[in-house]
Amino acid sequence: MELQDKILNTLERAFAELFDHQVQSQDLALQPTRKEFEGTFTFVVFPFLKFTKLNPEASGNKLGEYLVAHCDEVKSFNVVKGFLNLSVNESSWMNVFQQLYLNEKLGQLPSNGQKVMVEYSSPNTNKPLHLGHLRNNFLGFAVSQILEANGYEVIKANLVNDRGIHICKSMVAYKHFGNDETPDSSGLKGDHLAGKYYVIFDKAYKKQIAELQAEGQTEEEAKKNAPLILEAQEMLRLWEAEDKDVVALWKKMNSWVYEGFDVTYKKMGVDFDKFYYESDTYLLGKNIVEEGLEKGVFFKKENGSVWVDLSEEGLDEKLVLRGDGTSVYITQDMGTADLKYNDFKINKSVYVVGNEQDYHFDVLFKIMRKLGRPYGDGLYHLSYGMVDLPTGKMKSREGTVVDADDLIQEMIDTAESHTKELGKIDGFSIEEANALYETLGLGALKYFLLKVDPKKRMLFNPQESIEFQGNTGPFIQYSHARIASILRKASQIGVDYSTSGFEGLEQLDPAERDLIVMLNDFEKKLKLAADEFSPAVIAQYMFDLAKEYNRFYAELPIFNESDQKVQSFRIALSYLTAKTIKTGMRLLGINVPDRM
RNA sequence: GGUCCUGUAGCUCAACUGGAUAGAGCAACUGCCUUCUAAGCAGUAGGUUUCAGGUUCGAGUCCUGACAGGAUCACCA
């Protein structure tokens, strides 16, 4: 970063001195030079021709000459059309490397004094987690890590949807068909047990609908009149009235689900600082409706229902409270937004929720801003696309889902067979081997889901499964293991790869320089990932870095290098690469092994 | 129908926010293990960036309009 800034500052002076023109420093930018040209940074002169009053080539040459004369870091330049390509001194690259190498806080920017809450996961307690939840959880966790690395204090929150008609459906089915089955008696994980009854409910409900239709009711009537749905609705009413038996069953089944979720969360490697439960929050927000009416942000219709008019903001009128005074979804969300703020005095609040709720959050955020909330401008919906199967959308009621637990296990099994095939576990204990399979399987899965731009929907093909070669988690993990192996050997034979080991070294191989350039980008990528709330930025960078290292690894010898300083430097360079990979992968929630 | 998102190699994805001849991986083909881990490296082939206009020195990127896919538009959650 500092290197670029020096060059840009000199450019700013160049414009002042050569062309008598003050440029805004934020208007100046360097970009990486394309591979086919000589140089590392490129300055595009086209936008500035009106100030130089020269043709592109002449402008580039003048600026280039000035830079070489006034900026120690710039060694030489060439101009192609309007592109000024700059080459940097090798000693400057060594300085860049040393700064990175000695940086104790690599990948951790200083505190910015801001607090942000990241709400993610937010499961329903009537069924186990599936592939879509995996994307959500990995995204939420990774974004939390990335924000933390950017100096935020992060509160990871999970708003559990533990009430409502869908929960009652599982409960009704369990009551009828459960025979007091428990996770222990059935050998099923608690969340899977609840999910089983959710599916049973749906089947029985559909059967009742068909029967009623056979008796002459329309489909719509049948859906409303089926005894099971009436029972579920009655159960919801009883739950809200705090009926003893219903609440007891609800608590029992939910506790099973939580036990199941705990296992899955642990396996996924995600965690939370704060749990919110909708059973506690579903009545919130009515005070905000009052407030909105007083402030004139909301208005009441004849039947008593309360609305907000967002037509000035390009949206419609939106209901915020029913005519009978009961809440709708957004009422509760308004209340919860305030609750989060009051609990933690957060500056920003991120909601990791699928893109089918884009409109909802658009409305919610506009309302909170209209109400003048201090955190209004810090609200952000991290909207992500659905994960589709080749057969189309997943439907949990129909059982056409890729179960999270199953998929994770499948990935671990694949990692195991793959590793054994390659014969790479010599000298591993059984525990170490199992830990490795888990690291690799989860690494592959997480990377697969995180490398794609969150807002894009993605296709998951269970047949083709997930690769272990190329642009994958294991490729990056492998690169790390290779370096770890080098470092083991280095300490074994006693190579000094502290800075004193390669002091005064000035010659750089292009492969070494390219690697330093890449390593120097880490902080920039870290900031970009936070600005865009996109772990994909880090994932992509991790791949590019590992790729660059593998090129260096293949091209240049290390232990066969006779020059001690060069050898020591190459080990140091390897060390920094491993450290950067480890740090970056940790941001994605992916562990890296020392051997594989 | 209104609104929003997406459309890039056969497939999965990039493209540093408007810059040079659009890059990777998978799949196919060719080389490289007697050197530090071949889950690797190097190379070949693969493109009218869905289409048509526009903005300008310059457009995959911005604007307009089509086309295709998806989401959403409940006194559901």
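The name given to chain A in an unreviewed UniProt entry is Arginine--tRNA ligase, with the source organism recorded as Indibacter alkaliphilus. Under the UniProt heading Subunit (unreviewed entry), the note attached to chain A is "Monomer." In its Sequence similarities (unreviewed entry) section, the UniProt entry covering chain A states "Belongs to the class-I aminoacyl-tRNA synthetase family."

Asker: Account for the overall build of chain A, with residues named and values stated.
Answerer: A tally of regular secondary structure across chain A gives 22 helices and 14 strands. In chain A, buried positions account for 39% of the 596 residues. Put simply, 74% of the contacts in chain A that link residues at least 6 apart link residues at least 24 apart.

Asker: Give a description of the protein's contact with RNA strand B that names residues and reports values.
Answerer: Inspection of the region around RNA strand B gives 76 residues, with G323, D453, G470, Y478 and I558 positioned closest. Where the surface near RNA strand B is concerned, the elements lending two or more residues are β1 (31-32), β2 (41-44), β4 (83-88), α15 (358-370), α16 (404-422), β14 (458-459), α18 (473-493) and α21 (535-555). Of the residues in the surface near RNA strand B, the class split is 33 nonpolar, 22 polar and 21 charged.

Asker: So, the packing of helix α6 (residues 165-177) against helix α8 (residues 190-214): which residues are in play, and what are the values?
Answerer: The interhelical angle for the contact between α6 and α8, taken along N-to-C directions, is 85°, at an axis separation of 8 Å. Between α6 and α8, the interaxial angle falls into the category roughly perpendicular. On α8, the residues touching K169, S170, V172, A173, Y174 and F177 of α6 are A194, Y197, Y198, I200, F201 and A204. Of the residues assigned to the contact of α6 with α8, the class counts are 10 nonpolar, 1 polar and 1 charged.

Asker: Residue-level account of the environment of F299, with values.
Answerer: In this fold, F299 is placed in strand β8 (residues 298-300). Sequence separation of F299 and H176 is 123 residues, and the distance between their C-alpha atoms is 45 Å.

Asker: Lay out the sheet that holds strand β6 (residues 153-160) in plain terms, naming residues and giving numbers.
Answerer: Spatially, 5 strands are ordered β7-β6-β5-β11-β12 in an open sheet, and the strand pairing comes out parallel. At either end of the open sheet lies a strand with only one pairing partner, and these are β7 (274-277) and β12 (379-384). Going across the sheet, the axis of each strand differs from the next one's by a mean of 25°, ignoring polarity. Strand direction decides the pairing type here: β6 and β7, joined by 4 bridges, are parallel. Counterpart to N158 in the pairing with β7 is F275. Across the face of the sheet, helix α14 (residues 329-344) comes into contact with β5 (115-119), β6, β7 and β11 (348-354) while running at roughly 135° to β5.

Asker: Any chance you could break down the nonpolar core for me, citing the residues and the numbers?
Answerer: Core analysis: the biggest nonpolar cluster contains 130 residues, and V118 and V143 have the highest contact counts within it. Both domains that meet at this core, namely domain 1 (2-88) and domain 2 (90-162 + 403-596), each give it at least three residues. Other than its neighbours up to four places away in sequence, V118 contacts G140, V143, S144, L147, V154, K156, A157, V350 and V352. Among the nonpolar cores identified, the runner-up in size contains 26 residues, and V172, A173, F201 and I229 belong to it.

Asker: Can you tell me about the sheet that holds β8, naming the residues and giving the values?
Answerer: Reading across from one edge, β8-β9-β10 is the order of the 3 strands in this open sheet, with antiparallel pairing throughout. Each edge of the open sheet carries a strand with a single partner, namely β8 and β10 (317-321). Taking the axes of each pair of neighbouring strands and ignoring which way they run, one obtains an average angle of 40° across the sheet. Here 3 bridges tie β8 to strand β9 (residues 306-309), and the two strands are oriented antiparallel to one another. Considered in β9, the bridge of F298 is made with V308.

Asker: An account of the domain arrangement of chain A is needed here, citing residue identities and associated values.
Answerer: One frequently used descriptor of interface size is the decrease in accessible area upon assembly of the parts. If you check the domain split of chain A, you get domain 1 (2-88) and domain 2 (90-162 + 403-596). Spacing between the C-alpha centres of domain 1 and domain 2 amounts to 34 Å. Listed per partner, the contact involves 4 residues of domain 1 and 4 residues of domain 2. Looking at the side of domain 1 that touches domain 2 residue by residue, the class counts come to 2 nonpolar, 1 polar and 1 charged.

Asker: Explain the packing of α18 against α21 to me, using residue names and the numbers behind them.
Answerer: Contact geometry of α18 with α21 gives a least axis separation of 9 Å together with a crossing angle of 45°. Relative to α21, α18 is oriented oblique. At the point where α18 passes α21, the crossing takes the left-handed sense. Contacts between α18 and α21 involve F475, I476, S479 and R482 from the former and M542, F543, A546, Y549, N550 and Y553 from the latter. Here the contact of α18 with α21 is composed, by residue class, of 7 nonpolar, 2 polar and 1 charged.

Asker: Explain unusual backbone geometry to me, using residue names and the numbers behind them.
Answerer: With a phi angle near 40°, S122 is a residue other than glycine that sits in the positive phi range. Relative to the assigned elements, S122 resides in the loop between β5 and α5 (131-149). For K345, which is not a glycine, the phi torsion comes out positive at approximately 50°. For K345, the position within the fold is in the loop between α14 and β11. Taking the number of C-beta atoms within 10 Å as the measure of exposure, K345 has 10 and is therefore exposed.

Asker: So what's going on with α8? Which residues, and what values?
Answerer: Compared with an ideal rise of 1.5 Å per residue, which puts 25 residues at 36 Å, α8 spans 37 Å between its outermost C-alpha atoms and is within 8% of the ideal. Of all the positions in α8, only G190, D191, L193, A194, G195, K196, Y197, Y198, F201, Y205 and I209 are classed as buried. Where the residues of α8 are buried, they touch α6, α7 (183-186), α9 (219-225), α10 (227-240) and α11 (244-268). Positive backbone phi, at 110°, marks G216, one or two positions downstream of α8.

Asker: I'd like to hear about the confidence of the model for chain A, residue by residue, with values.
Answerer: Summarising the model, chain A shows a mean pLDDT of 92, and 98% of its residues fall at 70 or more. If you check the scores for this complex, the pTM reads 0.95 and the ipTM reads 0.95.

Asker: Can you break down the environment of G60 residue by residue, with the values?
Answerer: Within the secondary structure, G60 sits in helix α3 (residues 56-70). Take G60: there are 25 C-beta atoms within 10 Å of it, and that puts it in the buried class. As for G60 and N78, which are separated by 18 residues in sequence, their C-alpha atoms are 8.2 Å apart. The contacts of G60, once residues within four sequence positions are left out, are V45, V79, G82 and L84.

Asker: Please set out the pairing of β11 residue by residue, giving values where relevant.
Answerer: Across the 7 residues of β11, 5 count as buried, placing the element largely inside the fold. Across 4 bridges, β5 lies against β11 in parallel orientation. If you follow V118 over to β11, its bridge partner there is V350. Note that β11 and β12 share 6 bridges and pair parallel. From the neighbouring strand, S349 faces β12, where its bridge partner is L379. In this view, the connection linking β11 to its parallel neighbour β12 by way of α15 has right-handed handedness.

Calculation rules
- Residues numbered from 1 in each chain as written.
- Chains lettered and ligands numbered in written order.
- Predicted model: local features only at pLDDT ≥ 70, side-chain atom pairs only at ≥ 80, totals over all residues.
- UniProt positions renumbered as here; feature names shortened; annotations may be inferred.
- Helix = DSSP H or I, 4+ residues; strand = E, 2+ residues; numbered from the N terminus.
- Buried ≥ 20, exposed ≤ 12 C-beta atoms within 10 Å, placed from the backbone.
- Contact = placed C-beta atoms within 7 Å.
- Near = placed C-beta within 6 Å.
- Nonpolar A, V, L, I, M, F, W, Y, C, P; charged D, E, K, R; others polar.
- Axes fitted to C-alpha atoms, helices over the stretch in contact; angles between N-to-C directions.
- Parallel < 35°, antiparallel > 145°, perpendicular 65-115°, else oblique.
- Pairing = 2+ DSSP bridges.
- Core = buried A, V, L, I, M, F, W, Y, C linked by C-beta atoms within 7 Å.
- Domains from an automatic or database assignment.
- Left-handed = near helix turned anticlockwise from the far one by under 90°.
- Expected span 1.5 Å × (residues − 1).
- pLDDT = per-residue confidence, 0-100.
- Right-handed = clockwise from strand over helix to strand, strands pointing away.

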